[in-house]
Amino acid sequence: MDYRKFNNKYVIRFEKGEEVIKSLKELCRKENIKLAEITGIGASDSIEIGVFNVNTKEYSTKKFEGMFEITSLIGNVTTKEGEVYLHIHINFGDENGTVRGGHLVETRISATCEMILSVIDGTVERKLDENIGLNLFKF
């Protein structure tokens, strides 16, 4: 990963073979980023996504292997119990033009991924909402 900071924005390039979630968490810890908006595009050869089932309060996950264009990667950085907490969704397409998407569990970059991280001054914690089963913004 390489990046440059411009005021409150980080322009990030992920390298081939990098896992986005792991690398992004490391960057947020290193730069003390507690609250931010995430947008990105790129290419991946391995993507795991999840879909939340409101009845069972669990994610079902599915892994995809192949050549994919990341057409949209969007989410946020917050904290949970003081630790970096990423909530990212992804849309990606294959060579046939089939597009899939969901909650990003992990993705490995096959060529590059370009991301903009817009830092917001402040902190928003998350807390588990027992009724819903998700870690929601705590205000």
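A full pass over the atoms with the stated rule returns 5 aromatic pairs. Seen from their ring centres, Phe64 and Phe92 are 5.3 Å apart, and the 65° between their planes marks the pair as edge-to-face. Of the two residues, Phe64 sits in strand β4 (residues 58-80) while Phe92 sits in strand β5 (residues 83-93), which places them 28 residues apart along the sequence. Across this residue pair, the class does not change: Phe64 and Phe92 are buried. Arranged with centres 5.2 Å apart and planes meeting at 75°, the rings of Phe68 and Phe92 form a pair that is edge-to-face. With Phe68 in strand β4 and Phe92 in strand β5, this residue pair connects regions lying 24 residues apart in the sequence. Ring-pair connections join several aromatic residues into one group, and the members of that group are Phe64, Phe68 and Phe92.

This paragraph deals with the pairing of strand β7 (residues 125-129). Sheet topology places β7 next to strand β8 (residues 134-138); 5 bridges connect them, and they run antiparallel. If you follow Glu125 over to β8, its bridge partner there is Lys138. Hairpin connection from β7 to β8: 4 residues lie between these consecutive antiparallel strands, with Gly133 at a positive phi of about 95°.

What follows deals with the layout of surface pockets. Estimated volume of the largest pocket: approximately 180 Å³. Looking at the largest pocket, the residues that line it are Tyr59, Tyr85, Leu86, His87, His103, Arg126, Gly133, Leu134, Asn135, Leu136 and Phe137. Looking at the lining of the largest pocket, its residues break down into 6 nonpolar, 4 polar and 1 charged.

So, on to the pattern of salt bridges. Counting across every chain of the model gives 9 salt bridges. Glu81 is paired through a salt bridge with Lys80; the nearest N and O atoms lie 3.9 Å apart. A relative accessible area of 68% places Glu81 in the exposed class. Overall, the relative accessible area of 25% leaves Lys80 in the partly exposed class. The shortest N-O distance in the salt bridge between Asp94 and Arg100 comes to 3.7 Å. Residue classification places Asp94 among the buried residues on the basis of a relative accessible area of 17%. When salt bridges with common partners are traced through the structure, they connect Asp45, Lys63, Glu65, Glu106 and Arg108 into a single cluster.

What counts, and at which threshold
Residues numbered from 1 in each chain as written. Predicted model: local features only at pLDDT ≥ 70, side-chain atom pairs only at ≥ 80, totals over all residues. Heavy atoms only, no water. Phe/Tyr/Trp six-rings, centres within 6.5 Å; stacked < 30°, edge-to-face > 60°. Helix = DSSP H or I, 4+ residues; strand = E, 2+ residues; numbered from the N terminus. Buried < 20%, exposed > 50% of the residue type's maximum accessible area, 1.4 Å probe, protein only. Pairing = 2+ DSSP bridges. 1 Å grid on protein atoms, 1.4 Å probe; cavity = no way out; pocket = protein on both sides within 12 Å on 5 of 7 lines; lining within 4 Å. Points joined across faces, edges and corners; volume = space filled by probe spheres on them. Nonpolar A, V, L, I, M, F, W, Y, C, P; charged D, E, K, R; others polar. Salt bridge = Lys/Arg side-chain N within 4 Å of Asp/Glu carboxyl O.

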